[in-house]
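# Examining the three-dimensional arrangement
Here is how the chains run, residue by residue.
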Amino acid sequence: VKAQLNKENKLDRILPTKVVRRRKPAEQPGEEPSKKSRICIRGDLDPDILDLERFSPTITTVNFNVLLQLAANRKMWASIGDLRNAFCQSQPLERKNGPIYFQQPKGGIPGLEEGQIIQILAGCYGLVDAPLHWRRSLLADLAKLGYQQSKLDPCIWKIHDPITGELEGAVAIEVDDLFTVGHARHHALMNKLQQIYTFGKYVELKEVEQGAAFNGRRIKQLQDGSFKIDMQKFVEERLFPIELEKG
């Protein structure tokens with residue numbers, strides 16, 4: 001492969017990588033962060049970068065609050081899920097200029113020979129088009145389950161009763177995090193979605209007294225269907241005062 005790419009003057013299609021290590025904040029206030037490592041590709045060196053579509057929207061606060069109010073009014077039960085290595089679960093990645101590859105990070109990858117390269121077959125962290133590619137993969141499967149994009153927000157997908165037209169459920173998408181509300185049919189469809197993708201977390205809020213995190217908030221759902229929202233963890237652990245000297 002390297003010889004062929006060199007012959008075609010396309011060695012820039014082999015991208016360098018780095019292992020990024022971080023302490024991932026825990027979900028609840030006071031909990032210790034966990035150690036996390038991930039291979040990230042130098043997408044800034046992608047030879048296709050100027051030809052790639054990259055826009056991938058995120059839900060607005062106003063529209064998310066509308067969804068919460070609607071769910072509370074209709075007594076819909078909520079759930080929160082995040083997908084494990086979501087970008088790698090996307091549909092096959094195709095580039096019009098041919099395949100792209102990545103080099104092993106410093107120290108190599110167990111089981112591979114030194115200098116061996118890896119072809120990128122799906123979205124990977126670091127590629128500039130990975131969020132959009134993942135979004136398209138997820139939306140295609142939501143559409144197959146019968147969901148339609150809301151006219152209010154492109155990050156909200158909803159499903160209606162085919163006879164009465166009543167809203168039965170909705171999914172708010174924040175990249176690889178999902179917040180869903182709905183009645184029995186909706187939750188049955190979410191069970192099917194969990195068979196399509198691997199989730200790192202999927203909880204029913206009514207069953208989790210301490211609530212769960214979504215989009216920087218901790219959300220709790222009470223037994224009457226209403227919601228409580230706080231940012232206690234951010235305030236206590238990440239917010240700090242900035243002292244300004246008097247002029």
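These notes cover the structure that comes with them. Worth saying up front: this structure is predicted, and the values here are computed from it rather than measured. (Residues numbered from 1 in each chain as written. Predicted model: local features only at pLDDT ≥ 70, side-chain atom pairs only at ≥ 80, totals over all residues. Heavy atoms only, no water.)

## Observations regarding the sheet that holds strand S12 (residues 212–214)
Quick reminder of the rule: Two strands are counted as paired when DSSP detects at least two bridges linking them. Each helix is a run of DSSP H or I of at least 4 residues and each strand a run of E of at least 2, with the numbering of both proceeding from the N terminus. Fitting a line to C-alpha atoms yields each axis, with helices limited to the stretch in contact; the angle taken between N-to-C directions then spans 0 to 180 degrees.
The sheet built from 3 strands is open, its strands ordered S12-S13-S14 with antiparallel pairing. The sheet is open, and its two edges are formed by S12 and strand S14 (227–230), each paired on a single side. Along the sheet, successive strands turn relative to each other by an average axial angle of 35 degrees, direction set aside. Sheet topology note: the S12/strand S13 (residues 217–221) ladder contains 3 bridges and is antiparallel.

## A closer look at empty space enclosed by the protein
Applicable threshold: A cavity here means a set of 1 Å grid points, computed over protein atoms only, where a 1.4 Å probe fits but cannot escape. A pocket is an open set with protein on both sides within 12 Å along at least 5 of 7 lines, and lining residues have an atom within 4 Å of a point. Grid points are joined across faces, edges and corners, and a volume is the space filled by probe spheres set on the points.
Evaluation of the coordinates by the stated rule reveals 1 cavity of 30 Å³ or more. Taken as a whole, the largest cavity spans an internal volume of roughly 50 Å³. Every residue lining the largest cavity is listed: Ser56, Pro57, Pro131, Trp134, Arg135, Ile173 and Val175. With 3 residues, helix H3 (residues 130–144) is the single largest residue contributor to the lining of the largest cavity.

## Considering the nonpolar core
We apply this condition: The definition of a nonpolar core used throughout is a set of buried Ala, Val, Leu, Ile, Met, Phe, Trp, Tyr and Cys residues joined through side-chain atoms within 4.5 Å. Relative accessibility decides the category of a residue: with a 1.4 Å probe and only protein chains considered, values under 20% of the type maximum give buried, values over 50% give exposed, and everything between is partly exposed. Any pair of residues with heavy atoms lying within 4.5 Å of one another is described as a contacting pair.
Ranked by size, the top nonpolar core spans 31 residues in total, and within it Leu127, Leu142, Tyr147 and Leu193 carry the most contacts. Mapped by element, the contributors of at least two residues to this core are H3, strand S8 (156–160), strand S9 (167–174), helix H4 (184–196) and strand S11 (199–204). Looking at this core element by element, the count peaks at 5 residues for H3. Here Tyr147 is in contact with Leu142, Trp157, Lys158, Ile159, Gly169, Val171, His186, Leu189 and Met190, once residues within four sequence places are set aside. Core analysis: the next-biggest nonpolar cluster, separate from the first, contains 21 residues, Met76, Ile80, Ala172 and Phe179 among them.

## Digging into the sheet that holds S9
Hydrogen bonds along the backbone pair up the strands of a sheet, which may run parallel or antiparallel. Here 6 strands make up an open sheet; going across it, the order is S7-S8-S9-S10-S4-S11 and the pairing antiparallel. Across the chains shown, the open sheet's two edge strands, defined by having one partner strand only, are strand S7 (148–149) and S11. In terms of strand pairing, strand S4 (residues 77–83) meets S11 through 5 bridges, oriented antiparallel. The partner of Gly81 across the bridge, within S11, is Tyr202. Running at roughly 30 degrees to strand S10 (residues 177–182), helix H2 (residues 61–73) makes contact with S8, S9 and S10 of the sheet.

## As for the packing of aromatic side chains
What describes a pair of aromatic rings is the distance from one ring centre to the other and the angle between the planes of the rings. Counted only if it meets this: Stacked, edge-to-face and tilted are the three classes for Phe, Tyr and Trp ring pairs, Trp counted by its six-membered ring, which pair at centre distances within 6.5 Å; planes under 30 degrees apart are stacked, over 60 edge-to-face, the rest tilted. For a Lys NZ or an Arg CZ to count as sitting over a ring, it must be within 6 Å of the ring centre and within 35 degrees of the ring normal.
The final tally for this structure, using the stated rule, is 7 aromatic pairs. Taken together, a centroid distance of 5.0 Å and an interplanar angle of 75 degrees make the contact between Phe64 and Phe179 edge-to-face. Of this pair, Phe64 sits in helix H2 while Phe179 sits in strand S10, placing them 115 residues apart in sequence. Overall, the relative accessible area of 0% leaves Phe179 in the buried class. When the centroid spacing of 5.6 Å and the interplanar angle of 45 degrees are considered together, the rings of Phe179 and Phe214 count as tilted. With Phe179 in strand S10 and Phe214 in strand S12, this pair connects stretches of sequence that are 35 residues apart. The cationic tip of Arg38 hangs over the ring face of Tyr125; the distance from NZ or CZ to the ring centre is 3.8 Å.

## A few points about the environment of Leu132
Inspection of the secondary structure puts Leu132 in helix H3. A sequence separation of 80 residues divides Leu132 from Leu52, and the C-alpha atoms of the two residues are 10.0 Å apart. If near-sequence neighbours (up to four positions away) are discounted, Leu132 is found in contact with Glu53, Arg54, Phe55 and Ser56.

## So, the pattern of salt bridges
Worth spelling out the cut-off: Salt bridge, as used here, is a side-chain nitrogen of Lys or Arg placed within 4 Å of a carboxyl oxygen of Asp or Glu.
Across all of its chains, the model carries 12 salt bridges by this definition. Residue Arg136 pairs with Glu53 through a salt bridge whose shortest N-O separation is 2.7 Å. One end of the pair, Arg136, is in helix H3; the other, Glu53, is in the loop between strand S3 (34–41) and H2, and 83 residues separate them in sequence. In this structure, Arg74 and Glu166 form a salt bridge, with 3.0 Å as the shortest nitrogen-oxygen distance. Pair noted here: Arg74 is in the loop between H2 and S4 and Glu166 is in the loop between S8 and S9, with a separation of 92 residues, a long-range link.

## A few points about the layout of surface pockets
The line we're drawing: Three categories are distinguished: nonpolar for Ala, Val, Leu, Ile, Met, Phe, Trp, Tyr, Cys and Pro, charged for Asp, Glu, Lys and Arg, and polar for the others, with Gly belonging to the last.
The computed volume of the largest pocket comes to approximately 1,200 Å³. Arg22, Lys24, Pro25, Asp82 and Asp177 are the residues nearest the centre of the largest pocket, which is lined by 36 residues in total. Looking at the lining of the largest pocket, the elements with two or more residues in it are strand S2 (17–24), S3, S4, S11, S12, S13 and helix H5 (232–237). In the lining of the largest pocket, the residues fall into 11 nonpolar, 7 polar and 18 charged. What the second largest pocket holds in volume is close to 250 Å³. Residue lining of the second largest pocket: 15 residues in total, with Leu52, Glu94, Arg95, Asp129 and Arg136 positioned closest to the centre. For the lining of the second largest pocket, the class distribution of residues is 3 nonpolar, 4 polar and 8 charged.

So far we have only geometry, and geometry alone does not tell us how the molecule works.
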